[in-house]
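Listed below are the residues making up each chain.
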Amino acid sequence: MSSASHDALVLRPFEGLPNERDLVAMRQLIPAATMAAKTTAEYGSVDVELATILPMAWPAVRRTDGSVTVGIQAGFPGGDLSRGLGQAIKQALALEPGNPVTAVTLDDDAPRLQEILDLDGDFEISVEDTFEFWLDPRAERTAEIESSIQQANDSIMPTRPVEGLPHAYWVDAGPKEHLRWVLDAAEETVIDAVTRLHARRESGIGEGTKYVGSFRAEGLSVPVWDLPKGFGAEGVEAEAEAIRTRFEQALTTEEPLTALERRARGGIVARQVTLR
């Protein structure tokens, strides 16, 4: 495999993995979360913990028990995030237990996550309130470690999954609250769906809420709503079934846009951004 293929940009790096949408959320939306996986038999059937971020933004660490934790939000070389993460796991497997991978160097045969992980697992996400998952259960909890974790915890914006709206996350961003929902529909389809709802004044979540735009992250579309302070994840959950039903119906509508909807669409498109 040539280095050119390492540099080729892969717009949807998690495609083909179980729970792609929550992996995108872990990369772009959630401060602290983990997801359990395992390497294939070829790579030793080792327990792997996919995590949002690790201390010092390490790409990965080999735990004292031999398992591997990899930080999805770390920086990785090349244009394929999945290959960078796969190589981080491969490098961690070569380390003595208790050591971190501090930098990733792509091998010619660097595996993608889709190749190094056993895809039969459920890849269920666990959103965390703290970075306690950084701690190696067998390691000593020194004052320095405790201070580091507390400092990191203080930076966490409260984030919660929304019951009844899979792959949607409420976040308290201080002056505002937001809902961000990772969708796997084509971007144009998402824009059309929002347009149809917006033209009918049904694009909000509930009273005082407002659709503010969407962004592309790892190849998927993520609509975003502003919520009034105090609305809470509970407020979204109360509206979850209604908004999901409206949105799914709009996503599957194949009727051409009306003149009113076409006019609204320009404003919706203008609110699109891309995160890489």
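The following paragraphs examine the structure supplied in this document. (Residues numbered from 1 in each chain as written. Predicted model: local features only at pLDDT ≥ 70, side-chain atom pairs only at ≥ 80, totals over all residues. Heavy atoms only, no water.)

This paragraph deals with the side chain of Ser 221. Its location among the elements puts Ser 221 in strand β11 (residues 220-227). Judged by its relative accessible area of 3%, Ser 221 is buried. (Helix = DSSP H or I, 4+ residues; strand = E, 2+ residues; numbered from the N terminus. Buried < 20%, exposed > 50% of the residue type's maximum accessible area, 1.4 Å probe, protein only.)

Glancing now at helix α5 (residues 143-154). Here α5 spans 16 Å end to end across twelve residues, near enough to the 16 Å set by a 1.5 Å rise per residue. Regarding α5, the residues found buried are Ile 149, Ala 152 and Asn 153. Each buried residue of α5 lies within a common arc of 105 degrees when the element is viewed along its axis, so the set occupies one face. In α5, the exposed residues that point more than 90 degrees away from the buried face are Ala 143, Glu 144, Gln 151 and Asp 154. (Expected span 1.5 Å × (residues − 1). Arc of directions from axis to C-beta.)

Turning our eyes to something else, we now look at the environment of Ile 30. Within the fold, Ile 30 resides in the loop between α2 (20-28) and β1 (33-38). For the pair formed by Ile 30 and Glu 128, sequence separation is 98 residues and the distance between their alpha carbons is 9.1 Å. In this structure Ile 30 touches Ala 25, Thr 52, Gln 73, Ile 125, Val 127, Thr 159 and Tyr 169, once residues within four positions along its chain are discounted. (Contact = heavy atoms within 4.5 Å.)

Right, let's talk about the pairing of strand β4 (residues 68-71) for a bit. The side chains of a regular strand alternate, residue by residue, between the two faces of the sheet. Residues Val 68 and Val 70 line one face of β4 and the alternating positions Thr 69 and Gly 71 line the opposite face, and both faces are buried. Here strand β3 (residues 60-62) hands over to β4 after five residues, with Gly 66 in that stretch at a positive phi of 95 degrees. (Pairing = 2+ DSSP bridges.)

What follows covers the pattern of salt bridges. Tallied over the entire structure, the rule returns 18 salt bridges. Note that Asp 107 is salt-bridged to Lys 90, the shortest N-O span being 3.2 Å. Taken together, the positions of Asp 107 in the loop between β5 (99-101) and α4 (113-116) and Lys 90 in helix α3 (residues 81-93) put the pair 17 residues apart, joining distant regions of the chain. Note that Arg 160 and Glu 237 form a salt bridge whose closest N and O atoms lie 3.4 Å from each other. Linking Arg 160 in strand β7 (residues 159-161) with Glu 237 in helix α7 (residues 232-252), this pair joins segments that are 77 residues apart in sequence. The class for Arg 160 is partly exposed, based on a relative accessible area of 33%. Several salt bridges share partner residues, and in doing so they unite Asp 80, Arg 83 and Arg 112 into one network. (Salt bridge = Lys/Arg side-chain N within 4 Å of Asp/Glu carboxyl O.)

Another point: the sheet that holds β4. The six strands lie next to each other as β5-β3-β4-β2-β1-β6, forming an open sheet whose pairing is mixed. Strands at the two margins of the open sheet, each flanked by one partner only, are β5 and β6 (125-127). Recorded for the sheet is a direction-independent mean angle of 20 degrees between the axes of neighbouring strands. For strand β2 (residues 47-51) and β4, the ladder comprises four bridges, and the chain directions are parallel. Directly across from Glu 49, in β4, lies its bridge partner Thr 69. Against the sheet, α2 touches β1, β2 and β6, its axis set at about 135 degrees to β1. Across the sheet, α3 lies against β2, β3, β4 and β5, angled at about 150 degrees from β4, the strand it touches most. (Axes fitted to C-alpha atoms, helices over the stretch in contact; angles between N-to-C directions.)

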